[in-house]
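Examining the three-dimensional arrangement
So you can see what is in the structure, the chains are spelled out below.
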Amino acid sequence: MKKSLFSFLSVLFFTLWTFSSFGQGTNTLEILKADSLKGANGFERLLGSVRMKNQNTLISCDSAHFFRTSNMAKLYGRVLIEDQEDPVTTRSTYAEYDGNTKLAKLRNKVVFTNGETTLYTDYLNYDRAQNIATYFNKGKVVDSTNVLTSERGRYEVNRERITFLDKVVLVNPDYTMKTEYLVYMTIPKTAETKGLTNLVSKEGNTLDAQKGSFYDTQNKNFRFFDGVVETETSRVKAEELLYKELEAYYEGKENVRVFNKERQVEIFGDVGQYWEDRGYSLVHGKALVRRYFEKDTLYLTADTLISQDHESDSAKYLLAFHSINLIKADLSGIADSLVYNYNDSTIQLFQDPVIWNQKSQISADSMVFYIENEELKRVFMKEKAFAIMTDTLTNFNQMKGRKMTGFFEEGQISKLNIEGNGESLYFALEGDTLTQGVNRTLSATIELKFNEGAIKRVKYDIKPDGRFIPVQKLDEKSSRLDGFLWRLEEKPVLDSIFAWRPVIEIDPDQKNLFNEPNAEIRMPTEEEIQKSLEKRGLNKKKPVLTPLKTKNN
């Protein structure tokens, strides 16, 4: 009877104490409920269905140690901390709560929830006053779209902003991204990174940035700094690169380069746009083209480049405008504008084009030349066609006409056909060492055949008008056809191409976080090795041998 009365009085006292004036201070922890209370002198143990309150914060757990003097509680088992005014809740198996600072230190199986965003970790400090949660030693954040993990992180609830640090991984249904620093806004679901950032899409496309990036994860818009986007068919790089995945659209600024893998054509420029689905690209500002062949590379410079190359297009071409310079192993050229046909590898030059091939120079109002098996095979010149070849004595053999077709073998001209108003002037040599004179001929059509660049045979149409001028009577006028202009000083060289746009090649061995091992292998310390050996009985201390003392005789 006395025991029952004592239990009843204890519960009654605890209930009255709960609703007493204690806890009316602004920061003071209040005890709302517990199955039992033990302790005194500023320390109480709360056991069973514990509920506490700190301003708007409600706390529940299985048991607690309450340090009344320091206004702090240690919480054990099924810890739940929730706010009456915002949707944030935290759960763990252990926590420490400071009523003065409103700082909660949660440990083991921590679950931090704010609406659709949930944070999982084993170590979380939650500052209720600032509404900021900080985790360390690994954490995972999950929302309706993304899963993010990192070694450390900071969740600013009021700003809906989470900062992830060290070994950051973002995963959603479409891609996986890795970096060392990421700021994620939970409401618009945007991610901003600093430093090295690597991304792989579900299709296997890669997006890499050396100087950070910005992602709109819902609209799938990406902005990279010093970035490269590579797909199965193309590679795009720029100092600042915008990629709209849903539109398959790229926009680059500063040091733009677009590589068509199928065509082996790479375009460079200051600013560029590329529509992948259309196969259409526009690059301008000191533009450069490199067409890669098996044996060599064709270089082309221009102010502006337009490329159209899609499987549905009947015409696939590259357009180049203004300041055209062209170089390949066996030819060089200049023009105002150019069309390169991807289907048949023909190159059309317009507005005062000039082509140099070894010892020859050809010019016309427009011309088309054909590349077969990576070598120059044929050139067709229209209107004011003019060809100049130097012989072994550096004399200028000259041909002109309304139309002209040149054929090449192994990089050298082998035959030249002239149609309409044909004129030829070539030097007659004796043993390739002495000039005898000049043959000048007018003919409607002329056919010239060459051997190693030297004229070997000339065939004229019916009734040609020709004359021979001996070397003694030669002068500047008689040794030149009207319109002659040797323009060798305009011939582009590789140094001028490289000076037009210096290219820094992409480093294939550049660091990529996807190549880093997921686990670190830590070597044991010397002390750990010794303990392990002793535990297995393999490192027993050897007895110390001491020398025997000898008696003095």
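None of the values given here were measured: they were computed from a predicted structure.

Remarks on the overall build of the protein
Each helix and strand counted, the protein has three helices and 36 strands in total. By the compact-globule yardstick of 24 Å for 553 residues, the protein is too spread out, its C-alpha radius of gyration being 42 Å. Considered along the principal axes of its C-alpha atoms, the protein spans approximately 145 × 100 × 35 Å. Burial analysis of the protein (553 residues in total) assigns 45% to the buried set. In the structure as shown, the protein presents an accessible area of about 30000 Å², 51% of it carried by carbon and sulfur atoms. Of note, the protein has its 76 positive side-chain charges centred 8 Å away from the centre of its 79 negative side-chain charges.

Comments concerning unusual backbone geometry
Note on backbone geometry: most residues besides glycine have negative phi, and most peptide bonds are trans. The phi dihedral of Lys 102 falls on the positive side, at around 60°, and the residue is not glycine. Inspection of the secondary structure puts Lys 102 in the loop between strand E6 (89–98) and strand E7 (103–114).

Here we look at the side chain of Ser 92
By the secondary structure assignment, Ser 92 is in strand E6. Judged by relative accessible area, Ser 92 falls into the buried class, the value being 5%. Here the side chain of Ser 92 touches Tyr 94 through a polar contact of 2.9 Å, landing on its backbone oxygen.

Remarks on the pairing of strand E22 (residues 265–275)
Remember that side chains alternate between the two faces of the sheet whenever the strand is regular. Pairing between strand E21 (residues 249–260) and E22: 10 bridges, direction antiparallel. Its bridge partner lying in E22, Asn 260 is registered against Val 265. In this structure, the hairpin formed by E21 and E22 is closed by a connection of four residues, where Gln 264 is found at a positive phi of approximately 55°. The hairpin turn running from E22 into strand E23 (residues 280–292), its antiparallel successor, is four residues long, and Gly 279 in that turn takes a positive phi close to 65°.

Re the environment of His 322
Among the structural elements, His 322 can be located in strand E25 (residues 317–328). Given the relative accessible area of 41%, His 322 is considered partly exposed. Non-local contacts of His 322, meaning those with residues more than four positions away in its chain, are made with Ala 302, Asp 303, Asp 336 and Ser 337.

Some words on the confidence of the model for the protein
Overall, the predicted model of the protein reaches an average pLDDT of 87, with 91% of residues at or above 70. Low pLDDT, under 50, characterises residues 1–25; the stretch is placed with 16 contacts to residues that sit more than four places away or in other chains.

Brief notes about the nonpolar core
Membership of the largest hydrophobic core comes to 54 residues, with the highest contact counts inside it found for Met 52, Leu 75, Phe 112, Phe 164 and Leu 182. Counting residues in each nonpolar core, the second largest holds 45 residues, with Ala 335, Met 389, Met 404 and Ile 455 among its members.

Focus: the pattern of salt bridges
Side-chain pairs of opposite charge can arise whenever the charged atoms involved come near each other. On inspection of all chains with the given rule, the structure shows 25 salt bridges. Measuring nitrogen to oxygen at the nearest pair gives 3.0 Å for the salt bridge that ties Glu 266 to Arg 257. Grouping residues by exposure puts Glu 266 and Arg 257 together as buried. The partner of Glu 266 in a salt bridge is Arg 290, with the nearest N and O atoms 3.8 Å apart. Taken together, the residues span a long stretch of sequence, with Glu 266 in strand E22 and Arg 290 in strand E23 at a distance of 24 residues.

Some words on the packing of aromatic side chains
According to the stated counting rule, one finds 20 aromatic pairs in the structure shown. Between Trp 275 and Tyr 280, the aromatic rings sit 5.6 Å apart at their centres with planes inclined by 50°, giving tilted as the arrangement. Looking at Tyr 280, the relative accessible area reads 18%, which means it is buried. Aromatic rings pair up to connect Tyr 175, Tyr 215, Phe 222, Phe 224, Tyr 243, Tyr 250 and Tyr 274 into one cluster. Looking at Lys 140, its charged tip hangs above the ring of Tyr 120, at a distance of 5.5 Å from the centre. In this structure, Lys 286 is placed above the aromatic ring of Trp 500, and the distance from its NZ or CZ to the ring centre is 4.2 Å.

Parameters at a glance
- Residues numbered from 1 in each chain as written.
- Predicted model: local features only at pLDDT ≥ 70, side-chain atom pairs only at ≥ 80, totals over all residues.
- Heavy atoms only, no water.
- Helix = DSSP H or I, 4+ residues; strand = E, 2+ residues; numbered from the N terminus.
- Rg over C-alpha atoms; globule rule 2.2 N^0.38 Å.
- Buried < 20%, exposed > 50% of the residue type's maximum accessible area, 1.4 Å probe, protein only.
- Areas by Shrake-Rupley, 256 points an atom, 1.4 Å probe, with all protein chains shown as cover.
- Lys, Arg positive; Asp, Glu negative; His and termini not counted.
- Charge placed at Lys NZ, Arg CZ, Asp CG, Glu CD.
- Polar contact = N/O pair within 3.5 Å; in protein donor to acceptor, adjacent residues only side chain to side chain.
- Pairing = 2+ DSSP bridges.
- Contact = heavy atoms within 4.5 Å.
- pLDDT = per-residue confidence, 0-100.
- Core = buried A, V, L, I, M, F, W, Y, C linked by side-chain atoms within 4.5 Å.
- Salt bridge = Lys/Arg side-chain N within 4 Å of Asp/Glu carboxyl O.
- Phe/Tyr/Trp six-rings, centres within 6.5 Å; stacked < 30°, edge-to-face > 60°.
- Lys NZ or Arg CZ within 6 Å of the ring centre and 35° of its normal.

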